[in-house]
Amino acid sequence: MLSLKRLIKKNLGIYFMVIASFAFALMGCCAKLLANTMPSVEIMFFRNVIGVIFIAYLIYKIPHKKSGGKFSLLFFRGLIGTISLYFFFYNVANISLGGAFAFQKTNPLFVALIAFLFFKEQLGFKSILYLLLAFGGVMLIIQPFAPEHLHSGFDIKNSILGVLSGLTAALALASARELGKFYNTEVIASSFFILGTILPILSMLGGEYLNESIIRHFDFAFATFVMPVGYKIWTLIILMGSLSILYQIYVTKAYKAAKKAGVVAGVGYIDVVFTLFLGILLGDDLPSFVVLTGIICVLIGGIGISLSKDNKK
């Protein structure tokens, strides 16, 4: 019994990350179901409104002890994180759930590149190989050069937005890492949730007045508000927001409990596996062999980079 307790305690970060990943996957399911009745911009709005309430409570309960003073970077983190959500929720609404999550999970690849290009962090030989593997995986998912009769990937619009969701998420993570020196985690998260609530409101106001042609071409950024009707829809909205909060709680617990952050980050990729199966239950088509191979390459590449970062410490 004692050895079992030690084993559980030793791997607590991993268990917390599995819970966080499953909550995140279920949140994606709720968003996918809501996409049948409302645009992705509105789904993002409701997700963040509930998050704002939770973060406001945390900020009230936990005193801020850091120096602050980096408002422009804090604003950038909230803005770029929100932009990433625009792309991510559009993907969730329009392609398979597993595909949307796989695109979003390319962010560690971009984080590694950003760290190399702008923070002069060195990339080891293994990291470069993992980057190339993950890049090859993205190409297999998108299949930009495949002839139409052989193409089994996603359309060009969703593919571009998917890659951009990973890139913008990486920029948000990179800025959050720097902000951690000046602000509590709750304050950093608040910029994300607050702007993630305000910007969709502006997007939906734009949807009321902009030209229909503009809205049609930029439907990932503009949409008209659709009033949720029925207890089932409101239940999904509340559940989606609650699962998002649960994810934030357990991902924080995971990193606090982890002895090696890279291991926990690698375990976080399990949400793609969850969403592949959950998406099929919701009616997604089985991914083609080429796309599935691409997703596996992205997973291996991302996990490899996470672990190789950890080994450097």
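It should be noted that the structure appears before, not after, this text.
Model, not experiment: these values are computed from the prediction.

Enquirer: Can you walk me through empty space enclosed by the protein in this structure?
Expert: By the definition in use, this model includes one cavity of 30 Å³ or more. What the largest cavity holds in volume is close to 40 Å³. Lining the largest cavity are Ser96, Leu97, Gly98, Thr275, Leu276, Gly279, Ile280, Asp284, Asp285 and Pro287. Listing elements by their share of the lining of the largest cavity, those giving two or more residues are helix H5 (97-104) and helix H13 (270-281). Per-element tally for the lining of the largest cavity: the top contributor is H13, with four residues.

Enquirer: I keep staring at the nonpolar core and nothing clicks. Help me out?
Expert: Soluble, globular proteins show a tendency: their nonpolar side chains are buried together. Membership of the largest hydrophobic core comes to 61 residues, with the highest contact counts inside it found for Leu34, Phe88, Phe89, Met240 and Ile295. Take this core: its biggest share by element is eleven residues, from helix H2 (residues 12-34). Once residues within four sequence positions are removed from consideration, Met240 is found in contact with Met27, Cys30, Ala31, Leu34, Ile43, Phe46 and Arg47. If you look at the next biggest cluster of nonpolar residues, it comprises seven residues, including Ala176, Leu179, Phe182 and Ile188.

Enquirer: I tried to follow the packing of aromatic side chains on my own but got confused; where do I start?
Expert: Overall, the coordinates contain 15 aromatic pairs when judged by the stated rule. Aromatic rings pair up to connect Phe24, Phe88, Phe89, Phe101 and Tyr247 into one cluster. The ring of Phe192 carries the charged tip of Arg77 above its face, separated from the ring centre by 5.0 Å. Note that Lys105 overlies the ring of Tyr269, its terminal NZ or CZ placed 5.4 Å from the centroid.

Reading the values: the criteria
- Every chain's residues receive numbers from 1 upward, in the order its sequence appears when written.
- Local features in this predicted model are restricted to residues whose pLDDT is 70 or higher, and side-chain atom pairs enter the listing and the counts only when it is 80 or higher, whereas totals over whole chains, interfaces and linings include all residues.
- Only hydrogens and water are removed before side-chain values are computed, so all heavy atoms of the structure are retained for them.
- Two kinds of site are reported from a 1 Å grid over the protein atoms alone, namely cavities, where a 1.4 Å probe fits but cannot get out, and pockets, open sets with protein on both sides within 12 Å along at least five of seven lines, and residues are called lining when an atom falls within 4 Å of a point.
- Grid points are joined across faces, edges and corners, and a volume is the space filled by probe spheres set on the points.
- The helix and strand labels rest on DSSP assignments: H or I over at least four residues marks a helix, E over at least two residues marks a strand, and numbering proceeds from the N terminus.
- Put simply, a nonpolar core is a bunch of buried Ala, Val, Leu, Ile, Met, Phe, Trp, Tyr and Cys residues held in one set by side-chain atoms that sit within 4.5 Å of each other.
- When a residue's accessible area, from a 1.4 Å probe over protein chains only, is under 20% of the maximum for its type it is buried; when over 50% it is exposed; and in between it is partly exposed.
- Throughout, a residue-residue contact means that at least one pair of heavy atoms, one from each residue, lies within 4.5 Å.
- Ring pairs are drawn from Phe, Tyr and Trp, using the six-membered ring of Trp, whenever the two centres fall within 6.5 Å, and their geometry is named by plane angle: stacked under 30 degrees, edge-to-face over 60, tilted for the rest.
- Two limits define a charge over a ring: the Lys NZ or Arg CZ must be within 6 Å of the ring centre, and within 35 degrees of the ring normal.

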